[in-house]
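# Report on the structure
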Amino acid sequence: PKATPASTPVATGVLGDLNKASFLFTGKLASMTRDDAEKRVKDANGTVAGSVNAKLHYLVIGDDGSPLFGQGAKGSKQTKAEELN
């Protein structure tokens, strides 16, 4: 996935209508807290999921949850999402 520069609308909080798409956050986000990210999703008509499942639309992986973290090991949420995909 392509990284989003800080100057894009997503990073500044203008997400538009997410049309009830579901998001799950894992790992530490570089530019905001998880609470802030979840609030932005909810404010844009999206939903925040509690776990990875077949109905999840987007898994957002922060810096500490990336494949480069922990000597290249993927996190359990990423592994489960890949299995379901």
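So, here's what we can say about the structure. (Residues numbered from 1 in each chain as written. Predicted model: local features only at pLDDT ≥ 70, side-chain atom pairs only at ≥ 80, totals over all residues. Heavy atoms only, no water.)

Another point: the pattern of salt bridges. In the structure shown here, the tally under the stated rule is two salt bridges. The salt bridge partner of K39 is D43, with a shortest N-O separation of 2.6 Å. Here K39 and its partner D43 are both found in helix α2 (residues 34-43), four residues apart, which amounts to about one turn of the helix. Exposure remark for K39: the relative accessible area of 49% places this residue in the partly exposed category. (Salt bridge = Lys/Arg side-chain N within 4 Å of Asp/Glu carboxyl O. Helix = DSSP H or I, 4+ residues; strand = E, 2+ residues; numbered from the N terminus. Buried < 20%, exposed > 50% of the residue type's maximum accessible area, 1.4 Å probe, protein only.)

Looking now at the pairing of strand β1 (residues 22-26). When you tally the buried positions in β1, you get five out of five residues, the bulk of the element. Burial of β1 is two-sided: the residues S22, L24 and T26 facing one way and the residues F23 and F25 facing the other way are all buried. Sheet topology note: the β1/strand β2 (residues 47-48) ladder contains two bridges and is parallel. Bridging from a neighbouring strand, S22 pairs with T47 of β2. Tracing the backbone out of β1, into α2 and back to the parallel element β2 gives a crossover that is right-handed. For β1 and strand β3 (residues 58-61), the ladder comprises four bridges, and the chain directions are parallel. Looking at β3, one finds that F25 is bridged to V60. (Pairing = 2+ DSSP bridges. Right-handed = clockwise from strand over helix to strand, strands pointing away.)

Everything listed here is a matter of coordinates, which is why it stays silent on function.
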